Amino acid sequence: MRVTRPDHSQEDIGCDALILACNGFGGDRDLVRRHLPEICEAEYAGHTGNQGDALRWGEALGAKLTDLGAYQGHGGFATPHGVLITWALMMEGGVQVNALGARFWNEHEGYSEAAVHVLAQPERFAWAIFDQRLHTLGLSFPDYLDAQAASALRQADSIAALAGLTGLPRQALEDTLAGVHALCAGSAKDLYGRQFRPEQALTPPYFAVKVTGALFHTQGGLEIDAHARVQHKSGPYFGNLFAVGGAARGVSGGAVWGYLSGNGLLTACALGSIAGQNAADLIGAAKND
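Residues numbered from 1 in each chain as written. Predicted model: local features only at pLDDT ≥ 70, side-chain atom pairs only at ≥ 80, totals over all residues. Heavy atoms only, no water.

## Details of helix 8 (residues 170-185)
End to end, helix 8 covers 23 Å across 16 residues, agreeing with the expected 22 Å (1.5 Å per residue, within 8%). For helix 8, the full list of buried residues reads L173, T176, L177, V180, L183 and C184. All buried residues of helix 8 fall inside an arc of 110° around its axis, so they share one side. Just beyond helix 8, the residue with positive phi is G186, at close to 80°. (Helix = DSSP H or I, 4+ residues; strand = E, 2+ residues; numbered from the N terminus. Expected span 1.5 Å × (residues − 1). Buried < 20%, exposed > 50% of the residue type's maximum accessible area, 1.4 Å probe, protein only. Arc of directions from axis to C-beta.)

Listed below in structure tokens is the structure:
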């Protein structure tokens, strides 16, 4: 590997084994536009240092790149505060409504794919609506406390007051929440296929947070085998090149809906351990020859 230092001098560095663990490409807008056009205009909630270095280096070496359309999104990113709102609020009874005061999807499909649904709404935002029971639940999450400290939460004692605080059309919001009550009571069937339980009926006081969709980290990358070795695009694997974390292809498939909680940590921690052990074994074997 050749590196160029700040004084423009160059140095060639060799090694017996190389592990690429420099994360994905979410911080590079050009790469995001190329591989993730559906989320390219969304806020990026990851580290700006994730510039896709592993992809560029691997591609230059002839490595195979796979599932570059996969990523973790989140449809509960408080705007303009930039704070994550726990999806537990949706899973336990909360709903999302758009600027028209209407629900627009099954909030139980997952927080990652929620990003795309929220961004597809008028003005690219939604309101997360919940009640005191769910507010109490939210207080057990550090991010939610951050949102509260940032004044991201709106609280109202009635639907009419909530409409006034959020700018949502009152009648539409009343109709939507009445519909949610009917779904919780079992007297109606959700158009989007979500299952509601009686104890999830929302009651005053109501809470609301304005949210948008955000990109958190990419899940595609260099193709690897079970030993974390990088595969060449022509078929064989590099003998001493490994990739882990966001540098490697994850297990999320090829799109946003394949992401499950922990998938990023899986490739970082578990795959990192595998790569480290195999790299150490490779170096040890070379020394014994």
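From this point on, the discussion continues.
## Brief notes about the state of the cysteines
Summed over all chains, the structure comprises zero disulfides. With no disulfide of its own, C15 has C22 as its nearest cysteine by sulfur position, at a separation of 13 Å. Of the residues examined, C15 reaches a relative accessible area of 45% and is grouped as partly exposed. (Disulfide = S-S within 2.5 Å.)

## A closer look at the side chain of N106
Assignment of secondary structure puts N106 in the loop between strand 8 (95-97) and helix 4 (111-119). Polar contacts involving the side chain of N106 include one to the main-chain amide nitrogen of H108, which spans 2.8 Å. (Polar contact = N/O pair within 3.5 Å; in protein donor to acceptor, adjacent residues only side chain to side chain.)

## Considerations on the nonpolar core
I129, L177 and V209 are the most contacted members of the largest nonpolar core, which has 44 residues in total. Membership of the second largest hydrophobic core comes to 18 residues, among which are A63, V230, F238 and A279. (Core = buried A, V, L, I, M, F, W, Y, C linked by side-chain atoms within 4.5 Å.)

## Structural notes on helix 4
Of all nine residues in helix 4, seven are buried; the element is thus mostly enclosed. Every buried residue of helix 4 is accounted for by Y111, S112, E113, A114, A115, V118 and L119. Looking at the packing, one finds that the buried side of helix 4 touches strand 6 (71-78), strand 8, strand 9 (126-131) and strand 11 (206-218). (Contact = heavy atoms within 4.5 Å.)

## Some thoughts on the packing of aromatic side chains
Tallied over the full model, the rule gives five aromatic pairs. Plain terms: the ring middles of W87 and W105 are 6.3 Å apart, the flat faces sit at 45° to each other, and that makes the pair tilted. Of this pair, W87 sits in the loop between strand 7 (83-84) and helix 3 (88-91) while W105 sits in the loop between strand 8 and helix 4, placing them 18 residues apart in sequence. As far as burial versus exposure is concerned, W87 and W105 are alike and both buried. Here the aromatic residues F130, Y144 and F207 are joined through ring pairs into a cluster of three or more. (Phe/Tyr/Trp six-rings, centres within 6.5 Å; stacked < 30°, edge-to-face > 60°.)

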